Amino acid sequence: MLSPNTSGTTEPTYPTTRGCPFAEPSGYADLRADGPVSKVTLYNGRPAWIVTGYDAARDVLVRHEDFSSVRDDPRFPATAPRFEAAKKIRNFLGMDPPEHTAQRRTLTGSFTVERIAAQRPRIQKIVDGLLDTILADGDTADLVPQFALPVPSMTICHLMGVPYGDHAFFEHQSRRIVQGESSLEDSADAFAKVRDYLAKLIETKRRAPGDGLLDELIADYVETGELDPKDLSEIALLLLVAGHETTANAIALGVLAVLEHPDVRAGLAADPGMISGVVEELLRLLSIADGLSRFATRDTEIAGQPVAAGDGVLVAVAASNRDRAVFGDPDAFDPHRSARRHVAFGYGIHQCLGQNLARTEMEIALTSIFARIPTLRLAVPRDELRLKHPAGLHGVVALPVTW
Ligand code: HEM
């Protein structure tokens, strides 16, 4: 791997792919060996800095004044063509303070540990219902469409007060938005459809309030004039999309990881209380959302590496979560280590708003599936499983199982 300071050399291209579901992207180990900051070339030929060291990653993510998240700025580094479409979307993931602060504040009270803990019985009911259907249908299933995707989809739709009958629409559009195979036009069209739907739903709810997060936000912020209904539909869109595929991938790959690690599986069967350690370690090991993008707002440095104003910066979450100085034996799946310092949910002001929800869904989904189907196993050889990495989101296309 070439040093970022070596002039006249070709930098490795980003993104890289993952050969093994539990490994970091190929090329990260070499980049890390170069030091915490290296240079890569993006798909469009643009150079960018990539941060692979844990301390440097947290440093970039916490210095939001030096490193902007504003997506519709031409300096923002797109890591895939579909990011160009995403640049036009105005939600707080792609904003800096003070706009970011104002919008995020409307939601923080709804995603606290306590508020999410109150959702446990509902999530358990969703998971139990899906497992009932799977078991009633025979002795094989594809866990991606039948389990991993509907759990977060049904949970977030319920939480927000989206009518149950519209779940299928949301799942479909959300997949079109983030899926690797779909085209840029397809992704933009899906965004437009969901945005239209949400705008209409907000209007309907303003006339006839129900009980969900959207209804609370309408009453507390829209009707008081603090939030424009258009901004609320962008916020709702962000919640639906951000909470869907990320958690679905974490559940599907989480099931696979437990299946492939008999020691963890046996430990979990003997002591279900181990689940929180299992989930935290899965989040670190899988690092589902990789390559968090920023651009430098001024001339600055990262771990001593000078970075010029306007330079693109990618935080390699999967590499940072394997920094040996922080996580000894980083490739091992060890639920007993204290993995909670991982940056799988990011760090700083943009740290994942839905992290308590994601953890709860993963805990309930994994505990329940292994308790209800103790003989669960893969229905195909593991090397036949197809991985996908659209826009830095690591997942598995299908997960055929039998029991
Ligand atoms: C395992 C599942 C999940 C993973 C790995 C994940 C990961 C992340 C990461 C890395 C970020 C920070 C992005 C950045 O700094 O640029 C983020 C932000 C965010 N996530 Fe998640 N997420 C997950 C589940 C969820 C769920 C279930 C929800 C929703 C309800 C959600 C909602 C959000 C929102 C709204 C933001 C933007 C926060 C902000 O900009 O202030 N996420 N997520």
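Residues numbered from 1 in each chain as written. Predicted model: local features only at pLDDT ≥ 70, side-chain atom pairs only at ≥ 80, totals over all residues. Heavy atoms only, no water.

Which residues make up the sheet that holds strand β12 (residues 400–402), and what are the values?
An order of β4-β12-β9 is seen for the 3 strands of this open sheet, with the pairing classed as antiparallel. The open sheet terminates on both sides in strands that have one partner only, identified here as β4 (140–142) and β9 (377–378). (Pairing = 2+ DSSP bridges. Helix = DSSP H or I, 4+ residues; strand = E, 2+ residues; numbered from the N terminus.)

Explain the coordination of the iron atom of the ligand residue by residue, including any values.
Coordination of the iron atom of the ligand by the protein involves just one donor, C352 (SG), at a distance of 2.3 Å. Within the fold, C352 resides in the loop between α15 (317–320) and α16 (355–372). (Donors = N, O, S within 2.8 Å, 3.2 Å for Na, K, Ca; no water.)

Quick rundown of the sheet that holds strand β2 (residues 47–51)? Include the residues and the values.
Pairing is mixed in the open sheet, where 5 strands are placed in the order β1-β2-β8-β5-β3. Each end of this open sheet is capped by a strand with a single partner; those strands are β1 (37–41) and β3 (67–68). Examined bridge by bridge, β3 and strand β5 (residues 292–296) share 2 bridges and lie antiparallel to one another. What sits directly across from F67, in β5, is A296. Where helix α2 (residues 54–62) meets the sheet, it contacts β2, β3, β5 and β8 (312–315), and its direction lies at approximately 125° from that of β8. (Contact = heavy atoms within 4.5 Å. Axes fitted to C-alpha atoms, helices over the stretch in contact; angles between N-to-C directions.)

Outline the site of the ligand, supporting the account with residue identities and numerical values.
In the vicinity of the ligand, 25 residues are found, and the nearest of them are H100, R104, R294, H350 and C352. Taking R294, its side chain carries an N or O atom lying 2.7 Å from an oxygen atom of the ligand. A distance of 2.6 Å separates an oxygen atom of the ligand from a polar side-chain atom of H350. Among the elements that make up the shell around the ligand, the one with the highest residue count is helix α12 (residues 229–260) (6 residues). Taken together, the residues of the shell around the ligand break down into 16 nonpolar, 7 polar and 2 charged. (Near = heavy atom within 4 Å. Polar contact = N/O pair within 3.5 Å; in protein donor to acceptor, adjacent residues only side chain to side chain. Nonpolar A, V, L, I, M, F, W, Y, C, P; charged D, E, K, R; others polar.)

Provide a residue-level description of the side chain of E361, including the pertinent values.
Following the sequence through the fold, E361 ends up in helix α16. Contacts of E361, omitting those with residues within four sequence positions, involve I123, V151, P152, T155, T247 and I251.

Residue-level account of the pattern of salt bridges, with values.
Side chains carrying opposite charge are able to pair once their charged atoms draw close together. All chains considered together, the criterion is met by 22 salt bridges. Two residues, E24 and R32, come together in a salt bridge whose shortest N-O distance is 2.8 Å. A relative accessible area of 12% places E24 in the buried class. With a closest N to O distance of 3.9 Å, E203 and R206 form a salt bridge. Of this pair, E203 and R206 are both found in helix α10 (residues 184–207), 3 residues apart, which corresponds to roughly one turn of the helix. Residue E203 is classed as partly exposed on the basis of its relative accessible area, which comes to 34%. (Salt bridge = Lys/Arg side-chain N within 4 Å of Asp/Glu carboxyl O. Buried < 20%, exposed > 50% of the residue type's maximum accessible area, 1.4 Å probe, protein only.)

Give me α12: which residues, what numbers.
Between its terminal C-alpha atoms α12 stretches 47 Å, which fits the 46 Å expected from 32 residues at 1.5 Å a residue. Counting buried residues in α12 gives 25 out of 32 residues, a clear majority hidden from the surface. Structurally, the start of α12 carries an N-cap: the backbone nitrogen of K230 is 2.9 Å from a side-chain oxygen of D228. (Expected span 1.5 Å × (residues − 1).)

Describe the pairing of β8, with residues and values.
Residues of β8 alternate between two faces, with G312 and L314 on one and V313 and V315 on the opposite face, all of them buried. Summarising the sheet, β2 and β8 pair through 4 bridges and their orientation is parallel. The residue of β8 that forms the bridge with W49 is V313. As judged from the 4 bridges shared by β5 and β8, these two strands associate in the antiparallel manner. Bridge assignment links L292 to a residue of β8, and that residue is V315.

Give a description of helix α4 (residues 99–108) that names residues and reports values.
Since the α-helix packs 3.6 residues into each turn, any two residues three or four apart lie on the same face. Within the sequence span of α4, burial applies to H100, Q103, R104, T106 and L107. Looking down the long axis of α4, one finds its buried residues gathered within 145° of arc, a one-sided arrangement. Each element contacted by the buried residues of α4 is listed here: α11 (213–222) and α12. (Arc of directions from axis to C-beta.)

Quick one: what's the story with the packing of α12 against α16, residue by residue and with numbers?
Their axes nearest at 10 Å, the elements α12 and α16 cross at an angle of 40°. In terms of their interaxial angle, α12 and α16 are classed as oblique. Crossing of α12 against α16: the hand is right-handed. Packed against α12, whose contacting residues are T247, A250, I251, G254, V255, V258 and L259, the element α16 presents A358, E361, M362, A365, L366, I369 and F370 at the interface. Residue composition of the contact of α12 with α16, by class: 11 nonpolar, 2 polar and 1 charged. (Parallel < 35°, antiparallel > 145°, perpendicular 65-115°, else oblique. Left-handed = near helix turned anticlockwise from the far one by under 90°.)

Run through the nonpolar core, naming residues and quoting values.
One finds F147 and L399 to be the most contacted residues of the largest nonpolar core, which totals 90 residues. By residue number, the principal contributor to this core is α12, which donates 17 residues. Here F147 is in contact with V127, L130, L131, I134, I251, A365 and I369, once residues within four sequence places are set aside. Grouped together as the second largest cluster of nonpolar side chains are 13 residues, V37, V51, V60 and V307 included. (Core = buried A, V, L, I, M, F, W, Y, C linked by side-chain atoms within 4.5 Å.)

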